[in-house]
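Topology and contacts: notes
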Amino acid sequence: MTPTSNATAASSTTDTRTYDVVVLGAGPVGENVADRVRAAGLSAAIVESELVGGECSYWACMPSKALLRPVVARADARRVPGLRHLVEGPLDAAAVLAHRDDYASHWKDDGQAGWLDSIGVDLFRGVGRLAGARRVTVTAPDGTVRELAARHAVAVCTGSRAVVPDLPGAADAKPWTSREATSADHVPERLIVVGGGVVGVEMATAWQALGSHVTLLVRGAVLPKMEPFAGELVADALREAGAEVRTDTSVTAVHRQNGTVTVELDGGDRIGADEILFATGRAPRTDDLGLDTVGLEPGAWLSVDESCRVAGSDWLYAVGDVNRRALLTHQGKYQARIAGAAIAARAQGVPLLESDRWGAHSATADHDAVPQVVFTDPEVASAGLTLAAAEAAGRRVRAVDYDLANVAGSGLYADGYRGRARMVVDLDREVVLGVTFAGPGVGELLHSATVAVAGEVPIDRLWHAVPAYPTISEVWLRLLETYRG
Ligand SMILES: Cc1cc2nc3c(=O)[nH]c(=O)nc-3n(C[C@H](O)[C@H](O)[C@H](O)COP(=O)(O)OP(=O)(O)OC[C@H]3O[C@@H](n4cnc5c(N)ncnc54)[C@H](O)[C@@H]3O)c2cc1C
Ligand SMILES: NC(=O)c1ccc[n+]([C@@H]2O[C@H](COP(=O)([O-])OP(=O)(O)OC[C@H]3O[C@@H](n4cnc5c(N)ncnc54)[C@H](O)[C@@H]3O)[C@@H](O)[C@H]2O)c1
């Protein structure tokens, strides 16, 4: 795109280099903010303290899905007549780990750094910190410090890190977090996983299939933010795969001695293992970011408006995990597209932003239409609100459930198919507020639900969206028939 009159090349005055936009953190979200503002003709610098590509590329989405894909493919093959006998043996763990290493680019970022270069974004390696309004310092690995200035915006895209709970002995037990769980080079004989959120169930699924004996310890229910049947189906499948799943169980202490880690549970039991993974949530990477220099609290999540601009500021944006709106790569990249457009519009002096619901400068989907796939066996795929979330928001709703085993396409997909679907309908507007599918192969079905929810497609019109026979997506017809009675 041709640079606009606002576009200014980086100036190399004394020590400070000035750009239109400075981005802190080159994870998937920072990369996309930089891409969007460059495409709008603004100059951009990006600061990265570890690897360009962020958590997602090296210790989260990519390596975890590379570990899980063979697990799910084997499970699917085992449910198909004529094929089952060919996949009865164990997974080749070494081959799966090698495949994972390829997908994590062997923890090297040349490819992604090259891409930044190709779109004209200057990369500064080092720790970025705010140093007052529109100013950033970068401390390079060799200790040298340089200053960057931003004419229009600084976007904080520094992401999140795993939290290890403050339990007696936990820190000294050398626990795994999501980083080790996605990058380990060996299969522990016994693995304890603490936490029944998405990281907990995905990593329990992967390591159990790779040969560990997994014990999953969950203080409440499995996948508590999703429809209850999703966690029940995933927990049942983990148990069938040989894992031990204990719900309503809390860890009270952890010890490591002679290579064995032991947890004490609230009921008095003790369990031993070779490794322990804490999959117990995330904290924002804002503790050492100079937030105090701009009147914000170090270590806090950054609250933003619908354009991802930090409350009370006209130049500071926080995009992706760090604003806590939806800790998902695709949602952070969506925010980056919205924030990038808003930064560019404001830089160009556009008098009025499209900040209405679903407007070009409003990340509305963060509230109403977030899609997520949990890549377990069975998969869980959800978009929009659960029944509980819709009721908590005061909506007048009806949940419609359907047994996925009764859909012709499901039976063809897998012998003995087990799964369930729920559609949450807004009774006042007759639109779909949320959909959850749990079952083999449902991940690729999800975008149909996302389109229905984000598009607020009336139920009467969905009736005319005919699903192909015989696919699993015929569940849409069954849900609509059940709703209409
Ligand atoms: C195990 C696991 C699996 C996941 N799987 C999925 C999935 O399948 N699908 C999905 O959508 N989401 C998934 N997620 C969530 C996803 O990883 C995050 O939502 C996503 O990485 C957030 O992107 P981000 O750019 O905001 O932050 P990050 O990816 O964390 O990137 C932030 C970057 O900022 C850098 N940085 C931090 N502080 C500074 C500083 N002071 N100066 C310079 N640089 C700094 C970091 O080094 C990092 O590179 C998963 C998460 C985990 C833990
Ligand atoms: N496929 C995907 O989309 C995918 C995969 C992995 C992670 N993610 C995202 O990454 C983020 C982080 O995932 P996560 O699973 O770490 O966090 P989470 O918040 O989803 O789950 C953490 C779980 O740990 C529990 N917990 C917290 N403290 C505990 C303690 N002391 N003892 C026992 N349990 C405790 C919580 O109750 C919660 O259920 C999530 O927002 C998730 O959406 C997405």
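Numbers given to residues run from 1 along each chain, matching the order in which its sequence is written. Each chain gets a letter, beginning with A, and each ligand a number, beginning with 1, in the order they are written. Given that the model is predicted, a residue must reach a pLDDT of at least 70 before its local features are reported, and side-chain atom pairs must reach 80 or more before they are shown or counted; all residues, however, enter totals for whole chains, interfaces and linings. Only hydrogens and water are removed before side-chain values are computed, so all heavy atoms of the structure are retained for them.

**What to know about the UniProt feature "binding site: NAD(+)" (unreviewed entry) in the protein**
UniProt positions are given in the numbering used here, feature names are shortened, and annotations may be inferred rather than shown by experiment. Under the UniProt annotation, the feature "binding site: NAD(+)" (unreviewed entry) is placed at G195, G196, G197, V198, V199, G200, V201, E202 and G281. In three dimensions, the annotated residues from a span of 87 residues occupy one location, with a maximal C-alpha spread of 13.7 Å. Helix and strand assignments come from DSSP, with helices taken as H or I runs of at least 4 residues and strands as E runs of at least 2, each series counted from the N terminus. With respect to the helices, strands and loops of the structure, G197 is situated in the loop between β9 (190–194) and α7 (198–210). Checked against the element boundaries, V201 lands in helix α7. Residue contacts are defined here by distance: any two heavy atoms, one from each residue, within 4.5 Å place the two residues in contact. Apart from residues no more than four positions distant in its own chain, V201 is found in contact with G196, L216, V222, L223, V234, V374 and T376.

**Describing unusual backbone geometry**
Here the bond from D377 into P378 is cis, since omega is 5 degrees, no more than 30 degrees from zero. Here P378 is to be found in the loop between β18 (371–374) and β19 (379–384). Of note, the bond from Y469 into P470 is cis; its omega dihedral lies within 30 degrees of zero at -5 degrees. Relative to the helices and strands, P470 is located in the loop between α14 (459–462) and α15 (475–484). Here the phi dihedral of H106 falls at roughly 55 degrees; this positive angle occurs in a residue that is not glycine. Mapped onto the secondary structure, H106 falls in the loop between α4 (93–103) and α5 (110–118). Buried, partly exposed and exposed residues are distinguished by accessible area as a fraction of the type maximum, computed with a 1.4 Å probe on protein chains only: under 20%, between the cut-offs, and over 50%, respectively. According to the relative accessible area criterion, H106 is partly exposed, its value standing at 43%. Residue C308 is not a glycine yet carries a positive backbone phi of 70 degrees. Relative to the helices and strands, C308 is located in the loop between β16 (282–284) and β17 (316–318).

**Concerning the site of ligand 2**
Taken together, 20 residues are adjacent to ligand 2, and V199, E202, K225, Q372 and V373 come closest. Here a polar contact is taken to be a pair of N or O atoms separated by no more than 3.5 Å, where protein atoms must pair a possible hydrogen donor with a possible acceptor and residues adjacent in sequence count only if both atoms sit in side chains. At a separation of 2.9 Å, a nitrogen atom of ligand 2 approaches a polar side-chain atom of E202. Measuring from an oxygen atom of ligand 2, one finds a backbone N or O atom of G281 at 3.3 Å. Method for areas: the Shrake-Rupley scheme with a 1.4 Å probe, in which residue coverage is limited to the protein chains shown. Burial of ligand 2 by the protein amounts to 78% of the accessible area it has alone, namely 840 Å². Mapped onto the shell around ligand 2, the elements with two or more residues apiece are α7 and β18. No other element matches the three residues that α7 contributes to the shell around ligand 2. Any residue that is not Ala, Val, Leu, Ile, Met, Phe, Trp, Tyr, Cys, Pro, Asp, Glu, Lys or Arg is counted as polar, Gly included; the first ten are nonpolar and the last four charged. A per-class count over the shell around ligand 2 returns ten nonpolar, five polar and five charged. A cutoff of 4 Å decides nearness: a residue is near a molecule or strand if any of its heavy atoms lies inside that distance of it.

**Re the domain arrangement of the protein**
Where each domain begins and ends is defined by an automated method or by a domain database. Splitting the protein by domain gives domain 1 (6–53 + 109–161 + 284–347), domain 2 (163–280) and domain 3 (378–484). One C-alpha centre belongs to domain 1, the other to domain 2; they are set 35 Å apart.

**What to know about α4**
By the burial criterion, the buried members of α4 are A93, V96, L97 and R100. On an axial view of α4, the arc spanned by its buried residues comes to 95 degrees, and they lie on one face. For α4, the exposed residues set more than 90 degrees away from the buried face come down to A94 and D102. This arc is taken over the directions from the axis of the helix to the C-beta atoms.

**Observations concerning the sheet that holds strand β22 (residues 431–439)**
Two strands are counted as paired when DSSP detects at least two bridges linking them. Strand order in the open sheet formed by five strands is β18-β19-β22-β21-β20, and the pairing between neighbours is antiparallel. Both edges of this open sheet fall to β18 and β20 (397–403), since each of them pairs with a single strand only. On average, each strand axis in the sheet is tilted by 10 degrees relative to the strand beside it, whichever way the strands run. Both β19 and β22 contribute to a ladder of six bridges, which runs antiparallel. Bridge assignment links S382 to a residue of β22, and that residue is T436. Fitting a line to C-alpha atoms yields each axis, with helices limited to the stretch in contact; the angle taken between N-to-C directions then spans 0 to 180 degrees.

**Comments concerning the site of ligand 1**
E48, K65, G128, D321 and T329 are the nearest of the 36 residues found near ligand 1. V29 places a main-chain nitrogen or oxygen 3.2 Å from an oxygen atom of ligand 1. A distance of 3.2 Å is found between a nitrogen atom of ligand 1 and a backbone nitrogen or oxygen belonging to S49. Relative to its free-state accessible area of 1,000 Å², ligand 1 is covered by the protein chains to the extent of 93%. For the shell around ligand 1, the secondary structure elements donating two or more residues are α1 (28–39), β3 (44–48), α2 (54–59), α3 (61–78), β5 (127–130), α6 (178–183) and α9 (329–347). Tallied by class, residues from the shell around ligand 1 come to 14 nonpolar, 15 polar and seven charged. There are two domains that each give the shell around ligand 1 at least three residues, and those are domain 1 (6–53 + 109–161 + 284–347) and domain 2 (163–280).

**Thoughts on the UniProt feature "domain: FAD/NAD(P)-binding" (unreviewed entry) in the protein**
Feature annotation in UniProt places "domain: FAD/NAD(P)-binding" (unreviewed entry) on residues 19–331, given in this structure's numbering. Secondary structure across residues 19–331 comprises 29% helix and 25% strand; the distance between its end C-alpha atoms is 26 Å.

**Thoughts on helix α8 (residues 228–240)**
Expected helix span is given by 1.5 Å per residue-to-residue step, counting one fewer step than there are residues. Counted at 1.5 Å a residue, the expected span for α8 with its 13 residues is 18 Å, and the 19 Å between its end C-alpha atoms agrees. For α8, every residue scored as buried is listed here: F229, A230, G231, L233, V234, A235, A237 and L238. Where α8 is buried, its residues contact α7, β10 (213–217), β11 (244–246), β19, β21 (420–426) and β22. Positioned one or two residues after α8, G242 has a phi angle of 110 degrees, which is positive.

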